[in-house]
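Observations on chain architecture
One-letter residues, chain by chain:
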Amino acid sequence: MANTLHLILLTSITTLVLSLSAQIGVQATEYAVGDTDGWETGTNFLRWSQNHNFTVGDVLVFNYVPVQHNVYQVTEKTYRSCNCSSGVLKVYGSGRDRVTLAEATSYWFLCGVEGHCLGGMRMVISVAAYGSLAYAPAPAPEERGSWGGGGRVVVRRWVLICCLVLMMVWDP
């Protein structure tokens, strides 16, 4: 009887974990770059980017006034030098640019308006492959999912809790 209860518990928890993982896995997170400040001079983009866990499929939204700024996706060399004479991969200028993070790699962005990059209007982000268990802080409250938690971080916590429960009750 005890083995049957353990098997039912194990099956239930496994089903729960898999369903939670599947639901979160299909949702990309949309990030407003710079949060409410937007893509603007004076924003600390290093701090902003380090507060988020970017995963393949997520979307960056750059909000800014088009006549004042733009967004260049560039190579690392161009990012470090702020010299846009070469190494520009894509140019955005709509004021509400959406960039889908299509692969697990580093992405470099800067404002191509003269002096803005050197003034700090640039950022680098690292994008993890889906399913990566690397820890990163949960998103800011206004970007959390409908579960009231930080998306992938919530699932990882549930997986950890379920594994701990299984270890406590499993008696082979």
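Definitions and cut-offs
Residues numbered from 1 in each chain as written. Predicted model: local features only at pLDDT ≥ 70, side-chain atom pairs only at ≥ 80, totals over all residues. Heavy atoms only, no water. Core = buried A, V, L, I, M, F, W, Y, C linked by side-chain atoms within 4.5 Å. Buried < 20%, exposed > 50% of the residue type's maximum accessible area, 1.4 Å probe, protein only. Helix = DSSP H or I, 4+ residues; strand = E, 2+ residues; numbered from the N terminus. Contact = heavy atoms within 4.5 Å. Pairing = 2+ DSSP bridges. Axes fitted to C-alpha atoms, helices over the stretch in contact; angles between N-to-C directions. pLDDT = per-residue confidence, 0-100.

**Observations regarding the nonpolar core**
Within the largest apolar cluster, 20 residues are counted, with the highest numbers of intra-cluster contacts made by W39, L60, F62, F109, M123 and I125. Where this core is concerned, the elements lending two or more residues are helix 2 (45–50), strand 3 (59–63), strand 7 (106–110) and strand 8 (122–128). If we skip the residues at most four places from it in the chain, F62 touches V33, W39, V71, G95, R96, D97, V99, F109 and M123.

**Focus: the sheet that holds strand 3**
Read across the sheet, 3 strands follow the order 1-3-6 without closing on themselves; strand pairing throughout is mixed. At either margin of the open sheet sits one strand with a lone partner, and together these are strand 1 (30–32) and strand 6 (96–100). The sheet shows a mean angle of 20 degrees between the axes of neighbouring strands, taken without regard to direction. In this sheet, strand 3 lies alongside strand 1 in parallel orientation, the contact comprising 3 bridges. Each residue of the ladder has a partner; that of Y31, found in strand 3, is L60.

**Describing the confidence of the model for the protein**
The predicted model of the protein averages 79 in pLDDT, with 61% of residues at 70 or higher. Between residues 133–151, whose pLDDT stays under 50, and residues either more than four places distant or in other chains, the model counts 31 contacts.

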